[in-house]
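Understanding the architecture of this molecule
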Amino acid sequence: MRPEKPSISSPSMPPVEDHVKPFIIPVFIPHAGCPHQCVFCNQKAITQSEVHAPSTAQIEASIRSYLKYLTPNRKPMQIAFYGGNFLGIDHREIIRLLNVATQFVQDGIVDGIRFSTRPDTITKDRLAILHGFPVSTIEIGAQSMNDAVLAICRRGHTAGHTVCAAQLAKAAGYEVGIQMMVGLPGDDDAGTISTGQRIAALSPDFVRIYPAVVLEHSPLANWYRMGQYTPLSLSAGVSLVKILYLMFQESNIAVIRMGLQATTDTQKGSIFLAGPFHPAFGHLVMAEIYRDRVIELLKASSSALEAVTLCVNPKRISTMRGLKNENIDYLKNRFHIRRIDVKGDPLMPDHHISLVIEHKFRENILR
Ligand code: SF4
């Protein structure tokens, strides 16, 4: 009779809050309301839109193009004004944009409105414009909580503005998200982690983490070409975002996005000059977290390993494997394991890993 194979489970993974992410219908307003161009930014390239202020008909058509994805048991849907500084837009224009979106809410087609905006535009007066409109969520583009970094990036606001903005928006009853960046000019790992800690201290409902990449026609592109800015490598960006992700999870703050949204142009590389861009950036981060967990478990195993079976929830098999099986190859090489299998078990709680290990010593006895 074969001896029972030892099984070990990952220590409790950090709590992952299943933040109910709404289905977001983006309406891009590239650079609308921006007082200037921040050094890393080129919204026209990211959003693939030249239209600074889309017409009412264009917005309606854009929203309707997303509605075909509606399913009977659909998730909550929100219309999102992205790519600009929403509360920096002219008062009447804000009203026009909100009116277009509100009609879809009143018709029962979508559930709410959200937008992204600079911290220094969140004031009592500006928030008062939203009164009576079904806005539920405000995303604050903080990017950094280091005033020196903010100055180098020509943001034109300080960390203090972000603190006040988060407090004001929360006090007004909005769901609040904060966007931050890694790899900004003038920043380093310790400074970025400090930014994450200061953002976590503001208790936002969620965060987004973007790596700074060098976009064509941005001021950063000139700095990069002149050798004045070196972006993070992809692996450094992934590892740094991993630290932030785990930190936010410890604070029970949902991380709803890691990495830039891939577009046809970014994938073709036509706007992307350098930096840690990857269409599956978030997947790379999660895969590294899974790999770290298994390393910890395997390090605890005292004798040489013959084969390992990793059990995860079926929806996490590709996360466990890593992109192009990188995790499996890495673990095999590092621990000299002949065979690693990944099995999906529907009974496994999400984000838990269980290992079944065959030691070389045991196998030898059996033969
Ligand atoms: S980062 Fe935000 S505020 Fe700065 S230019 Fe881009 S959209 Fe405008």
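Residues numbered from 1 in each chain as written. Predicted model: local features only at pLDDT ≥ 70, side-chain atom pairs only at ≥ 80, totals over all residues.

1. Some words on the overall build of the protein
Keep this limit in mind: The helix and strand labels rest on DSSP assignments: H or I over at least four residues marks a helix, E over at least two residues marks a strand, and numbering proceeds from the N terminus. Remark: C-beta atoms are placed from the backbone, and a residue is labelled buried if 20 or more other C-beta atoms sit within 10 Å of its own, exposed if 12 or fewer do, or partly exposed between those counts. The contact criterion used is a C-beta to C-beta distance within 7 Å, with each C-beta placed from the backbone.
A tally of regular secondary structure across the protein gives 14 helices and 13 strands. The proportion of buried residues among the 367 residues of the protein is 40%. Long-range contacts, defined as pairs at least 24 residues apart, comprise 79% of the intrachain contacts of the protein with a sequence gap of at least 6.

2. Regarding the nonpolar core
The cut-off we apply is this: The nonpolar core is taken to be a set of buried Ala, Val, Leu, Ile, Met, Phe, Trp, Tyr and Cys residues joined by way of C-beta atoms within 7 Å.
Core analysis: the largest hydrophobic core is formed by 91 residues, its most contacted members being Ile79, Val207, Ile209, Val241 and Leu310. Beyond its immediate sequence surroundings of up to four residues, isoleucine 79 is in contact with Ile25, Val27, Ile63, Ala101, Phe104, Val110 and Ile113.

3. As for the confidence of the model for the protein
Threshold: As a per-residue quantity, pLDDT reports the predictor's confidence and falls between 0 and 100.
Mean pLDDT over the protein works out to 90, with 89% of the residues at or above the 70 mark. Within the model, pLDDT remains below 50 along residues 362-367, and this stretch shows four contacts once partners closer than five positions in the same chain are excluded.

4. Concerning the sheet that holds strand β2 (residues 23-28)
The cut-off we apply is this: Two strands pair if DSSP finds at least two bridges between them. For helices, the fitted line uses only the C-alpha atoms of the stretch in contact; every axis is such a line through C-alpha atoms, and the angle between N-to-C directions lies from 0 to 180 degrees.
With parallel pairing, the seven strands of this open sheet are ordered in space as β2-β3-β4-β5-β6-β7-β9. If you trace the sheet from one side to the other, it starts and ends with β2 and β9 (254-258), each paired once. For this sheet, the mean inter-axis angle between neighbouring strands, taken without regard to orientation, is 25 degrees. Here strand β4 (residues 112-117) runs beside strand β5 (residues 135-143); their pairing, made up of five bridges, is parallel. When the bridges of β5 are listed, isoleucine 113 appears paired with valine 135. Helix α2 (residues 56-67) rests against β2 and β3 (77-82) of the sheet, and its axis sits at about 155 degrees to β2.

5. Comments concerning the site of the ligand
The criterion, for reference: Each residue receives a C-beta atom built from its backbone; the residue is near a molecule or strand if that atom lies within 6 Å of it. When residues are sorted by character, Ala, Val, Leu, Ile, Met, Phe, Trp, Tyr, Cys and Pro go into the nonpolar class, Asp, Glu, Lys and Arg into the charged class, and all the rest, Gly among them, into the polar class.
Contacts to the ligand come from His31, Cys34, Gln37, Cys38, Cys41, Gln43, Gly84, Asn85, Arg118 and Gly141. Per-class residue counts for the shell around the ligand are three nonpolar, six polar and one charged.

6. Focus on the environment of glutamine 143
Tracing the chain through its elements places glutamine 143 in strand β5. Taking the C-beta count within 10 Å as the criterion, glutamine 143 has 27 such neighbours and is therefore assigned buried. Sequence-wise, glutamine 143 and alanine 159 are 16 residues apart; in three dimensions their C-alpha atoms are separated by 9.4 Å. Once residues lying within four places of it in the same chain are set aside, the contact partners of glutamine 143 are Cys153, Arg155, Gln179, Met180, Met181 and Leu184.

7. What about helix α11 (residues 281-299)?
Operational definition: To estimate how far a helix should reach, multiply one less than its number of residues by 1.5 Å.
Here α11 spans 27 Å end to end across 19 residues, near enough to the 27 Å set by a 1.5 Å rise per residue. When we look at burial in α11, the residues that qualify are Phe281, Leu284, Val285, Met286, Ala287, Glu288, Tyr290, Arg291 and Val294.

8. Quick word on the packing of α2 against helix α3 (residues 91-106)
Stated precisely, the cut-off is as follows: It is the rotation of the near helix from the far one that decides the hand of a crossing: anticlockwise by less than a right angle makes it left-handed, clockwise makes it right-handed.
Following both chains from N to C, one finds α2 and α3 inclined at 35 degrees, their axes separated by 10 Å at the closest point. The handedness of the crossing between α2 and α3 comes out as right-handed. Side by side, α2 and α3 meet where Thr56, Ile59, Glu60 and Ile63 of the first sit next to Arg96, Val100 and Phe104 of the second. When grouped by side-chain class, the residues that make up the contact of α2 with α3 number four nonpolar, one polar and two charged.

9. Remarks on unusual backbone geometry
In the Ramachandran plot, asparagine 252 falls in the positive-phi region, its phi being about 55 degrees despite a non-glycine side chain. The topology assignment puts asparagine 252 in the loop between α9 (234-250) and β9. The class of asparagine 252 is partly exposed, set by 13 C-beta atoms lying within 10 Å. At lysine 324, a residue that is not glycine, the phi angle is positive and equals roughly 55 degrees. Mapped onto the secondary structure, lysine 324 falls in the loop between α12 (317-321) and α13 (326-335).

10. Remarks on the packing of α9 against α11
In helix packing, the relevant descriptors are the interaxial angle and the interaxial distance, both defined with respect to the helix axes. Convention followed: Note that the term roughly parallel is reserved for angles under 35 degrees, roughly antiparallel for angles over 145, roughly perpendicular for angles of 65 to 115, and oblique for everything else.
Close contact between α9 and α11 brings their axes to 9 Å; oriented N to C, the two are set at 75 degrees. Taken together, the axes of α9 and α11 are roughly perpendicular relative to one another. From α9, Val238, Ser239, Val241, Lys242, Tyr245 and Leu246 reach across to α11, where they touch Leu284, Val285, Glu288 and Ile289. For the contact of α9 with α11, the per-class residue count stands at seven nonpolar, one polar and two charged.

11. Observations concerning the environment of isoleucine 63
Here isoleucine 63 lies in helix α2. When the C-alpha atoms of isoleucine 63 and isoleucine 25 are compared, they prove to be 6.4 Å apart, with 38 residues separating the residues in sequence. Filtering out sequence-adjacent residues up to four positions away, isoleucine 63 remains in contact with Ile25, Val27, Ile79 and Phe104.

12. With respect to the environment of isoleucine 46
For isoleucine 46, the position within the fold is in helix α1 (residues 43-47). Taking the C-alpha atoms as reference points, isoleucine 46 and glycine 83, 37 residues apart in sequence, are found 8.2 Å from one another.

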